[in-house]
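Given next are the chains, with one letter for each unit.
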Amino acid sequence: MEINDHAYTSTTYDKVSPVVFTYKMSTKEVEDLVKLRVSNKYLFSGKRNTSMWAWRAILKHMGLHHKMTHSQASKKWENLKKRYKGLKYPSDGMKGIPDVWPYFNLMDDAMEGRLEGNAPIIKAFPTNGEFPSISKPKKRKISVVVNSPPLANEPEIEVSLNGDEDEEALEEGSQEIDCAMLEMEQGRDMMDSGRRVMEREKRVMEREEQVVERERQVLQRERAALDREVAALDRDRASLERERATMEREKAVMERERALVEKDRDGVRRDRLALEREKVRLDRLSTTKERTEEVPEDSSEANDSVLVDRKEHFLNLFEKLIENF
């Protein structure tokens, strides 16, 4: 079933479905249209049929929903943008004259975002459910001659009549377009979700890289501390080795000195034994002398010479003993 462009209104124009009017907007209406379009750009999300319902809401707010269709409003906006871009960025070899066009400053403010918030925020309808698809029959323009004189303050109109195209073919084409748009919308949603997932994974990877970098820095600091401790232990070990070598040398010196002392002790012990034997011998000699005092004088002289020799030998031994000490 064909859905007329003005089906959302309740006017007498709905009864004349074959006729579409082209309304000529005033300067004030153009300004309001531009401001409303910029301030309510959130309505034009790019999803299916959102542009249609957004333009209908804007026309309803302006009170032009009896006079214009959403496609005419959209075309008016696109023409304004095209004219603005042509004057703002003229092609090579051409010179734009912005002052000639009265809407240049208005569109410049709109494109630069300076008009946001200068118009009320409106709400597109319907509020629930999927936007319905609309099949649009082709139209051909014909000229109409009106004999009655034009009334004052009436808008200029153009009259377009429907052609004789097959309605079933139009509906099939509309359904195919709707299916293609739905597939494109689903593909776009999948791409958006995939991009969001990739962005989340990228943020997670960045955080993990930061954590790994911090852990690597901590490990480097700990490794440097361990290296310093190992170097200190090596120094302590080298110092202990030097002290151990010194102690070994001192021990060897002490062993040599001990051997010398033992050797000297053995020499002293031998000398003592020799002295003790000499003492015993001298004691025996003195005893023998006392017994032989009564012997004739000749024999006493001989004994005296023997005693002198023995005393000299004893003194020599005693001097040697003293030298050893």
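Look up: the structure comes first, before these words.
These numbers were taken from a predicted model, which means no experiment stands behind them.

A. Just the pattern of salt bridges, in detail. Counting across every chain of the model gives 11 salt bridges. The salt bridge partner of Arg114 is Asp108, with a shortest N-O separation of 2.9 Å. A residue is classified by how much of its surface remains accessible, and Arg114, at 47% relative accessible area, is partly exposed. A salt bridge links Arg114 to Asp109; the nearest nitrogen and oxygen atoms lie 2.8 Å apart. What emerges from the salt-bridge pattern is a single network uniting Lys88, Asp108, Asp109 and Arg114.

B. Representation of the packing of helix H2 (residues 50-62) against helix H3 (residues 70-88). Two elements in contact, H2 and H3, have axes separated by 8 Å at closest approach and are oriented at 90°. In terms of orientation, H2 lies roughly perpendicular with respect to H3. Where H2 abuts H3, its residues Met52, Trp55, Arg56 and Leu59 lie against His70, Ala73, Ser74 and Trp77. Its residues placed into classes, the contact of H2 with H3 shows five nonpolar, two polar and one charged.

C. The packing of aromatic side chains, seen in detail. Under the definition given, this model contains three aromatic pairs. Ring geometry for Phe44 versus Trp55: centroids 5.3 Å apart, planes at 65°, classification edge-to-face. A residue pair is termed long-range when its members are at least 10 positions apart, and Phe44 in the loop between helix H1 (27-39) and H2 and Trp55 in helix H2 qualify at 11 residues. Trp55 shares its class with Phe44; the two are buried.

About the cut-offs
- Residues numbered from 1 in each chain as written.
- Predicted model: local features only at pLDDT ≥ 70, side-chain atom pairs only at ≥ 80, totals over all residues.
- Heavy atoms only, no water.
- Salt bridge = Lys/Arg side-chain N within 4 Å of Asp/Glu carboxyl O.
- Buried < 20%, exposed > 50% of the residue type's maximum accessible area, 1.4 Å probe, protein only.
- Axes fitted to C-alpha atoms, helices over the stretch in contact; angles between N-to-C directions.
- Helix = DSSP H or I, 4+ residues; strand = E, 2+ residues; numbered from the N terminus.
- Parallel < 35°, antiparallel > 145°, perpendicular 65-115°, else oblique.
- Contact = heavy atoms within 4.5 Å.
- Nonpolar A, V, L, I, M, F, W, Y, C, P; charged D, E, K, R; others polar.
- Phe/Tyr/Trp six-rings, centres within 6.5 Å; stacked < 30°, edge-to-face > 60°.

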